[in-house]
Amino acid sequence: MSSLYGSTNDRLVAGSDARTNVIYAIDRLKEKFPSPIPSQELIAYVLPHPKRHDEQAVKLFKTLLGVNPKISFDPTSESYRFKPEYDISSADELLRYLQNQDSSKGIHVRDLKEGWPDVLEAINTLDKEHKLLVTRNKKDSQPRMVWANDPTLFVPLDQEFKEIFNQIPLPSIEDTITALTKMNYKTTGAPASKEVAKVEKKKKKVRRGVKVTNVHMQGLFRDYSNQRPQGTK
């Protein structure tokens, strides 16, 4: 059986808990983003059998929708809309947002995907154009975070200078270790010198007895310690 929302088998089945139904509603709003969904249409989608749900259940459902940070409600059109972390869905909007920031804070790509599923293609293009700084995962080289970049600062290096740089020989690992050893640098895990070991073995003298406080007031009071009662230690 088909309907306005698709076949019954393809449609989400409403849960018995109102919070579960909110999750179904968010998934539906994501599918339609950036377009909003009228209130009655969304309720009919999540609660496909309105006769089985009383007014109190619908009211609770609307209340939970209204307080969810991932959902925005337009009272004028009586509609709901998915509210991603960043309301960005194009390369121009992304660059504009990054350039208008008061700081140089980067954006997680996973947050951009909430409202822009095809963001990876745009990021790769902007990266090649030197309009974005991109960090990537080591495993699959997928973009992880992005920052604004200034393409005017990118100056191609002539091939002649690249060849000169590549011709400069680098010292071998053995030569590097030898040079550092002559400069008295120790490798990680090397045993400490005897002088350092002796200092570490020295123990601080433990002072026994009552700790004296308020030293600056010692001359203002009498000492009655010699008048202790008999039998007191």
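Nothing here was measured: the structure is a model prediction, and the numbers come from that model.

Q: Can you help me understand the nonpolar core in this one?
A: A general feature of soluble globular proteins is that nonpolar side chains tend to end up buried together. V22, L29, L42, V46, F61, L65 and I71 are the most contacted members of the largest nonpolar core, which totals 18 residues. Elements with a contribution of two residues or more to this core: α1 (18-32), α2 (39-46), α3 (55-67) and β3 (79-82). Looking at which element gives the most residues to this core, the answer is α1, with five residues. Counting 15 residues, the second-largest nonpolar core is a separate cluster that includes I88, L95, I107 and V146.

Q: How should I be thinking about the packing of α2 against α3 in this particular structure?
A: Where α2 contacts α3, the axes come no closer than 12 Å and their chain directions differ by 115°. Between α2 and α3, the interaxial angle falls into the category roughly perpendicular. The interaxial crossing formed by α2 with α3 has right-handed handedness. Across the interface between the two elements, S39, Q40, L42, I43 and V46 of α2 pack against V58, F61, K62 and L65 of α3. Across the contact of α2 with α3, the residue classes tally to six nonpolar, two polar and one charged.

Q: Would you mind showing me how to read the pattern of salt bridges here?
A: Pairing of side chains with opposite charge becomes possible as their charged atoms draw close. Overall, the coordinates contain six salt bridges when judged by the stated rule. Measuring nitrogen to oxygen at the nearest pair gives 2.9 Å for the salt bridge that ties R28 to E31. Taken together, the residues span about one helical turn, with R28 and E31 both in helix α1 at a distance of three residues. Residue classification places E31 among the exposed residues on the basis of a relative accessible area of 52%. D127 is paired through a salt bridge with R136; the nearest N and O atoms lie 3.1 Å apart. Salt bridges sharing common partners tie together K70, E85 and E114.

Q: Is there a simple way to think about the pairing of β3 in this case?
A: Side chains on a regular strand alternate between the two faces of the sheet. The pairing of strand β1 (residues 37-38) with β3 spans two bridges and is antiparallel. In the sheet register, P38 faces β3, and the bridge partner there is S79. Where strand β2 (residues 71-74) meets β3, four bridges bridge the pair, whose relative direction is antiparallel. Paired with S72 across the strands is R81, a residue of β3. Counted between consecutive antiparallel strands, the loop separating β2 from β3 contains four residues, among which E78 sits at a positive phi close to 50°.

Q: What's the story with the packing of aromatic side chains in this structure? I'm lost.
A: Think of a pair of aromatic rings as described by two things: how far the centres are apart, and how the planes are tilted against each other in angle. Under the criterion given, the structure shown has three aromatic pairs. Taken together, a centroid distance of 5.8 Å and an interplanar angle of 90° make the contact between F33 and F82 edge-to-face. A residue pair is termed long-range when its members are at least 10 positions apart, and F33 in the loop between α1 and β1 and F82 in strand β3 qualify at 49 residues. Side by side, F33 and F82 carry an identical accessibility label, which is buried. Between the aromatic rings of Y86 and Y97, the centroid separation amounts to 5.4 Å while the plane-to-plane angle is 75°, which identifies the pairing as edge-to-face. Taken together, the positions of Y86 in the loop between β3 and α4 (91-99) and Y97 in helix α4 put the pair 11 residues apart, joining distant regions of the chain. For Y86, a relative accessible area of 12% puts it in the buried group. The ring of Y45 has R28 lying over it, and the distance from NZ or CZ to the ring centre is 4.4 Å.

Parameters and conventions
- Counting starts from 1 at the beginning of each chain's written sequence and moves along it residue by residue.
- In view of the model being predicted, local features appear only for residues whose pLDDT reaches at least 70, and side-chain atom pairs are presented and counted only at 80 or more, with totals across whole chains, interfaces and linings using the full set of residues.
- Side-chain metrics rest on all non-hydrogen atoms present in the structure, leaving aside hydrogens and water.
- Among the buried residues, those of types Ala, Val, Leu, Ile, Met, Phe, Trp, Tyr and Cys that are joined through side-chain atoms within 4.5 Å form a nonpolar core.
- The cut-offs for exposure are 20% and 50% of the maximum accessible area for each residue type, with area from a 1.4 Å probe on protein chains only; residues under the lower value are buried, those over the upper are exposed, and the others partly exposed.
- Labels follow the DSSP assignment, with helices taken as runs of H or I lasting at least four residues and strands as runs of E lasting at least two, numbered in each case from the N terminus.
- Helix axes are fitted to C-alpha atoms over the stretch in contact, other axes to C-alpha atoms as well, and angles between N-to-C directions run from 0 to 180 degrees.
- Throughout, the term roughly parallel applies to angles under 35 degrees, roughly antiparallel to angles over 145, roughly perpendicular to angles from 65 to 115, and oblique to all others.
- In this scheme the handedness of a crossing depends on how the near helix is turned from the far one: anticlockwise by less than a right angle means left-handed, clockwise means right-handed.
- The contact definition used throughout considers only heavy atoms, calling two residues in contact when any of these lie within 4.5 Å.
- Here the term charged refers only to Asp, Glu, Lys and Arg, the term nonpolar to Ala, Val, Leu, Ile, Met, Phe, Trp, Tyr, Cys and Pro, and the term polar to all other amino acids, Gly among them.
- Salt bridges are identified by distance alone: a Lys or Arg side-chain nitrogen within 4 Å of an Asp or Glu carboxyl oxygen.
- Paired strands are those between which DSSP finds at least two bridges.
- Each aromatic pair joins two rings of Phe, Tyr and Trp (for Trp, the six-membered one) with centres within 6.5 Å, and gets the label stacked for planes under 30 degrees apart, edge-to-face for over 60, and tilted for any other angle.
- Two thresholds decide whether a charge sits over a ring: the Lys NZ or Arg CZ must be within 6 Å of the ring centre and within 35 degrees of the ring normal.

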